[in-house]
Structure formats: structure tokens, C-alpha cells
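Coordinate inspection notes
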Amino acid sequence: MSEKQHDLVVIGAGPGGYVAAIRAAQLGLDTACIDKEPRLGGTCLRVGCIPSKALLQSSEKYHEVHGGLDAHGIKTGEVGLDLEAMLARKTKIVHDLTDGIAGLFKKNKVTRYEGSARITGPGTVVVEGADNVTIKAKHIIVATGSVPASLPGVEMDDDVIGDSTTALSYPTVPEHLVVIGAGYIGLELGSVWRRLGAQVTVVEYLDRILPGTDAEIAREAQKLFKRQGIKFVLKARVTAARRDGDGAVVEIEGKDPLKADRVLMAVGRKPFTDGLGLDTVGVAADERGRIPVNDHFMTSAEGIYAIGDVIAGPMLAHKAEEEGVACVEHIATGWGHVDHATIPGVCYTDPEIATVGLTEEQLKEAGTPYRKGVFFFRANSRARAMDKIDGRVKILAHEETDRVLGVHMIGADSGHLIGEAVAAMAFGASSEDIARVCHAHPTLSEAVKEAALAVDGRAIHA
Ligand code: NAD
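All of the points below concern the structure found in this document.

Reading the values: the criteria
- Residues numbered from 1 in each chain as written.
- Predicted model: local features only at pLDDT ≥ 70, side-chain atom pairs only at ≥ 80, totals over all residues.
- Heavy atoms only, no water.
- Pairing = 2+ DSSP bridges.
- Helix = DSSP H or I, 4+ residues; strand = E, 2+ residues; numbered from the N terminus.
- Axes fitted to C-alpha atoms, helices over the stretch in contact; angles between N-to-C directions.
- Contact = heavy atoms within 4.5 Å.
- Parallel < 35°, antiparallel > 145°, perpendicular 65-115°, else oblique.
- Left-handed = near helix turned anticlockwise from the far one by under 90°.
- Nonpolar A, V, L, I, M, F, W, Y, C, P; charged D, E, K, R; others polar.
- Near = heavy atom within 4 Å.
- Polar contact = N/O pair within 3.5 Å; in protein donor to acceptor, adjacent residues only side chain to side chain.
- Areas by Shrake-Rupley, 256 points an atom, 1.4 Å probe, with all protein chains shown as cover.
- Salt bridge = Lys/Arg side-chain N within 4 Å of Asp/Glu carboxyl O.
- Buried < 20%, exposed > 50% of the residue type's maximum accessible area, 1.4 Å probe, protein only.
- Core = buried A, V, L, I, M, F, W, Y, C linked by side-chain atoms within 4.5 Å.
- Expected span 1.5 Å × (residues − 1).
- Phe/Tyr/Trp six-rings, centres within 6.5 Å; stacked < 30°, edge-to-face > 60°.
- Lys NZ or Arg CZ within 6 Å of the ring centre and 35° of its normal.

Take the sheet that holds strand 22 (residues 404-411) next. Reading across the sheet, the five strands line up as 18-19-22-21-20 and stay open at both edges, with antiparallel pairing between neighbours. In this open sheet, the two strands that pair with only one neighbour each are strand 18 (345-347) and strand 20 (370-376). Between one strand axis and the next, the sheet turns by 10 degrees as a mean value, whatever way the strands run. With respect to the sheet, helix 6 (residues 184-195) is in contact with strand 18 and strand 19 (352-357), its orientation differing from that of strand 18 by roughly 30 degrees. Set on the sheet, helix 11 (residues 414-426) makes contact with strand 18, strand 19 and strand 22; between it and strand 19 the angle comes to about 10 degrees.

Okay, structure coming up:
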């Protein structure tokens, strides 16, 4: 086995790892990045954010031409579904983007190793696979991400009973898809297959969907998803799922079992550190499998850092990217920081749900005095013109200082609109600051301004 030397080695080429590697190379560090998959980009690019968004886009178009254009005065003829072509488009997008990362590695002179990485002691990583090499590096960043969590009793076969990866490639539209878990994955992929014609039942343990999301927004989301024909079984704990003939049966505590021809397990994800050799450097994961780190992403072992889904916090690609950049900037310059209070979350359903900062429930629980401004998209002229009138923007600001503490929205393009709220919060803006900013007319962004005005009871179009 050959031996190589680098300043920094990043284990994992997902959004956290590959971005950290590129930034480190920009900062002059001789950087390597290891991934066991031939394609770079991690879960997000290969089997997560990107392919799911490709399918969400295609299925939305399909659904739209099925009667959704009538209000625009557009009559469509017979509409057909070529699922194979839809899946091929998704795969091409993934390939183009993962190839793009390989190109960025070349451009930035990041050395890429393909194989499973194992830390064997301080400053040493062994790679086994397509490349077989021992790497010596002063700094090692663990960016190995997460894998789907499982439920005892659910017999996964990665076919009829599978996780999100399986649900991105069903070869036919299921007649009845049972989704276990009403989080981001369950709702996004449930929406895809619902739009393509499946009957979709989402079974959720809690009495609400989208745990952690502001409850008012989650309630509205559930109402809208129901209108789209998605069925919800709440307060329902799935205890088992198993193959039954060509399909499957899902057992729910205290309720009738559900028959399905496909089951999607979407009950969360867990950090992935299997076989990484963290024990060889004395690093122990916590009770949830996460690697403990300090503010600079350093583990208890000198020279070993961890970022992204393997550490605490929301399992989101953009959170991992920020941490990757801050981690290497701190290594190279002594500075580097992530504002964890302003990390947005977006659920790419129709309408989109986007949120940043504290929820109303969290403010109540903390006893923080706040004022609330809500503006409905139905009163926004652009939303009317687009025929996308569902949803609202809600801004929560401190009662005395008016500082914006949380912004939550559901509505068309919320994933883009939340950017303004994130920037405002990152700069410590008040609701009045947002209200005083000129917003182009007619745009959906005016709903954000109006919600800010509504905090002070002076929205114009409400
Ligand atoms: P999640 O944690 O968001 O939701 C899982 C749901 O499953 C919860 O509501 C939970 O109550 C429910 N559940 C757990 N056990 C159950 C049981 N026995 N019976 C019924 N319900 C049960 O997890 P997810 O949707 O799988 O997503 C995983 C991770 O991936 C999350 O961290 C999410 O943020 C991330 N993700 C993000 C996006 C995005 O940013 N758009 C998209 C997909 C995934």
C-alpha cells in the first residue's frame, strides 16, 4: 500500500466534505478528499436533495397539465406519463452535478481518493477500495454524513419496503404507497408519487406533521396536503412492516393494519460513523451516535474535526457546507464561524414550507415576549396572477426590541423568499427594518414586507 502526505484530508464528499475540501484548497492547504462512492456529492447529490427536487419538478409539471391549467384558459389533450424518461432526466441531472464536483476538485487541485476510509491513529487514514493508500495528514475532517434510521419490526428489502433511495426509483407508480413518518422526506416523496397518481397514506407517530416546524404553518400544510389527496393517520406508531404477497402490510399500534404495494420508511436519519476507527483516536460518539465537537468543530482528539450530519444540529446540506467552510477557515486562519441560529429549513412540497429562527411554540416555552405579523398570499397580487394563493408569511419579533426572532412561511417559492428573512436575521434586523425596505411590485416578496408591517398592525393589503 502506497503512502501519501497531505496537509488536510476530508473523509466524505457530500456537501459538507466537498465544500470544505475546495475551501481548504483555496486557502492554500494541500487537500485530499476520500469517498467510497465513485460519484462525488454524497447523499444530497446522489440520492437526496437533488434527485428528489428533479422528481418534484417533473411531477409538479405532470400534475399541472392534468387540469391544473384550466384556470389559465389552457386546454390540454390527453396527457401521458413516461416514468422511465422522468427517472432518466433525474439521473442525468445527478450525473451532471456530480461530474461538476469532480471538475471543481481538478480546478482547485483537491486530490480525490475512492475507497472506504478508516482512521488508524492520530494523523493517519487508510483508504481501501478503488484506491488503496495510507494517508498522513496533520488535519482530518470527518464528514461522513448520515444514513436512514430503521425501525425494529420493519423488514426492509430495499424494494417493496425501502427508504428514500428506493422511493427515488420506483419503476412503476405504486397504487398505494404507505409512508412511515411525516417529516421532510415523507412529505416530499409522498407528494411526488401522489402527483403521479398513487394513493398515499402517511402514518405519523405524533399528533401533527412536520415535527419542529412552527405549528400554525404545519397545520396549514396538513390541510393543503389533504386537499391534494394525501391521507394522514396521526398518533399512529408503526410497529412492523413486512412483505405480503406482491405488496406489504404495515402494522400500527392499536389500529387496523394497512395494506400497501410500496412502503417508504422515513423516520429520520442517523449519523454514519461505522468502521471509521474513531476509537483509535479516543473519540466516542454520544448516545445518538453523534460526534461531540467544540465551537471550531474539533473533536477531543487533536487534529480530528467533524462537521455536518455526524455532529449535532439539523441534518441539512447547507448547514454542513457552512460548518465545512468555518472549520477549514479556522484551521487555516484561526477564524471561522457559523451562525447556527439562522440556518433555514425548506420542505419542497407544493406549496413550499420555509422557516428560520424560533417557532412560536419555542418563544412561548422560553417565556420570550413577542409580537406576530401574518400576511396571507391570497392578498398578494403576484400570487393571484400566478394562481398560487395558498399560504402565509409569519414574522415573530421581540415585543420590546422588535428584533426578528423567527420567520415561518408556507406558499409558492417560500424556499427562495426565506433568503431575505435569513439575511435580515443574520444582520440582527427588526421587523421595522424589513418593513422599511422597498420590495419590487408585483412580487411574492411583498408578502414578507406586509408580514413585517403586520407585526405593528399596519399591513396595507390586509
Ligand atoms: P424527520 O425526523 O424529519 O421525520 C421523521 C418522522 O417520523 C417524525 O415525524 C417522527 O415522529 C416519525 N416517526 C418516527 N417513528 C415512527 C413510528 N414508529 N411510526 C410512525 N411515525 C414515526 O425525518 P425524515 O423526514 O426521514 O428526514 C431525515 C432528515 O433528512 C431530517 O433531518 C431532514 O431534515 C433531512 N431532510 C431534509 C430535506 C430538506 O431540507 N428539504 C429533505 C429530506 C430530508
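Moving on from the model shown.
Quick look at the packing of helix 1 (residues 15-26) against helix 4 (residues 83-108) now. Packing of helix 1 against helix 4 leaves a shortest axis separation of 10 Å and a crossing angle of 20 degrees. One finds that helix 1 runs roughly parallel with respect to helix 4. Classified by chirality, the crossing of helix 4 by helix 1 is left-handed. Packed against helix 1, whose contacting residues are Tyr18, Ala21, Ile22, Ala25 and Gln26, the element helix 4 presents Ile101, Leu104, Phe105 and Asn108 at the interface. Taken together, the residues of the contact of helix 1 with helix 4 break down into seven nonpolar, two polar and no charged.

Time to look at the site of the ligand. In the vicinity of the ligand lie 24 residues, with Ile185, Glu188, Glu204, Gly268 and Val346 positioned nearest. Contact between the ligand and Glu188: a nitrogen atom at 2.8 Å from a side-chain N or O atom of the residue. Between the ligand and the protein, one listed contact pairs a nitrogen atom with a backbone N or O atom of Tyr205 at 3.1 Å. Taken by itself the ligand offers 850 Å² of open surface, and the protein chains cover 80% of this. Here the shell around the ligand takes three residues from helix 6, the largest share from any one element. For the shell around the ligand, the per-class residue count stands at 17 nonpolar, three polar and four charged.

Backbone torsion omega between Asp350 and Pro351 reads 0 degrees, so that peptide bond is classified as cis. Among the secondary structure elements, Pro351 is positioned in the loop between strand 18 and strand 19. Cis geometry marks the peptide bond from His441 to Pro442, where omega comes out at -5 degrees. Within the secondary structure layout, Pro442 lies in the loop between helix 12 (431-436) and helix 13 (446-455).

We now examine the pattern of salt bridges. A complete count under the given rule lists 31 salt bridges for this structure. Across the pair Arg262 and Asp159 runs a salt bridge, and its minimum N-O distance is 3.1 Å. You can see Arg262 sitting in strand 15 (residues 262-265) and its partner Asp159 sitting in the loop between strand 7 (146-148) and strand 8 (161-162), a full 103 residues away along the chain. Using a relative accessible area of 10% as the deciding quantity, one classes Arg262 as buried.

In this section: the nonpolar core. Ranked by internal contacts, the top residues of the largest apolar core, which has 54 residues, are Ile34, Phe105, Ile119, Ile141 and Val142. With seven residues, the single largest contributor to this core is helix 1. When residues no more than four places from it in sequence are discounted, the contact partners of Ile119 are Ile11, Thr124, Val125, Ile140, Val142, Leu276, Gly277, Leu278, Thr280, Val281 and Ile304. Counting residues in hydrophobic clusters, the runner-up holds 35 residues, among them Leu56, Leu87, Ala167 and Ile230.

Turning to its location among the elements, Gly277 is positioned in the loop between strand 16 (269-271) and strand 17 (304-306). Counting along the chain gives 272 residues from Gly277 to Gln5, while the straight-line C-alpha distance between them is 19 Å. When near neighbours in sequence (up to four residues on either side) are disregarded, Gly277 contacts Arg118 and Ile119.

Most of strand 21 (residues 392-398) is tucked away, with seven of its seven residues classed as buried. A two-sided burial pattern is seen for strand 21, the buried positions comprising Arg392, Lys394, Leu396 and His398 on one face and Val393, Ile395 and Ala397 on the other. In this structure, strand 20 lies alongside strand 21, joined through seven bridges in antiparallel fashion. The partner of Val374 across the bridge, within strand 21, is Lys394. As paired strands, strand 21 and strand 22 are joined by six bridges and run antiparallel to one another. Opposite Leu396, over in strand 22, you have Gly406 as the bridge partner. Counted between consecutive antiparallel strands, the loop separating strand 21 from strand 22 contains five residues, among which Asp402 sits at a positive phi close to 70 degrees.

Looking now at the environment of Thr172. Note on placement: Thr172 falls in the loop between helix 5 (164-167) and strand 9 (176-180). In this structure, the C-alpha to C-alpha distance between Thr172 and Glu84, residues 88 residues apart in sequence, is 8.7 Å.

All right, on to helix 6 then. With twelve residues, helix 6 extends 17 Å from end C-alpha to end C-alpha; this agrees with the ideal 16 Å at 1.5 Å per step. Most of helix 6 sits out of view: nine of its twelve residues are buried. Along helix 6, the positions that sit buried rather than exposed are Gly186, Leu187, Glu188, Leu189, Gly190, Ser191, Val192, Trp193 and Arg195. Two residues or fewer past helix 6, Gly197 is found with a positive phi of approximately 115 degrees.

Reading across from one edge, 12-13-14 is the order of the three strands in this open sheet, with antiparallel pairing throughout. Sheet topology places strand 12 (238-244) and strand 14 (255-260) at the edges, where each strand pairs with a single neighbour. For this sheet the average axis-to-axis angle between neighbouring strands, irrespective of direction, equals 20 degrees. By the bridge criterion, six bridges tie strand 12 to strand 13 (residues 247-252) in an arrangement that is antiparallel. Bridging across to strand 13, Ala241 finds its partner in Val250.

Turning next to the packing of aromatic side chains. Taken as a whole and assessed by the stated rule, the structure comprises one aromatic pair. Ring centres of Tyr170 and Trp193 lie 5.1 Å apart, and the angle between their planes is 40 degrees; this geometry places the pair in the tilted category. Of the two residues, Tyr170 sits in the loop between helix 5 and strand 9 while Trp193 sits in helix 6, which places them 23 residues apart along the sequence. With respect to burial, Tyr170 and Trp193 carry one shared label: buried. Seen from the ring of Phe376, Arg378 lies directly overhead, with NZ or CZ sitting 4.9 Å from the centre.

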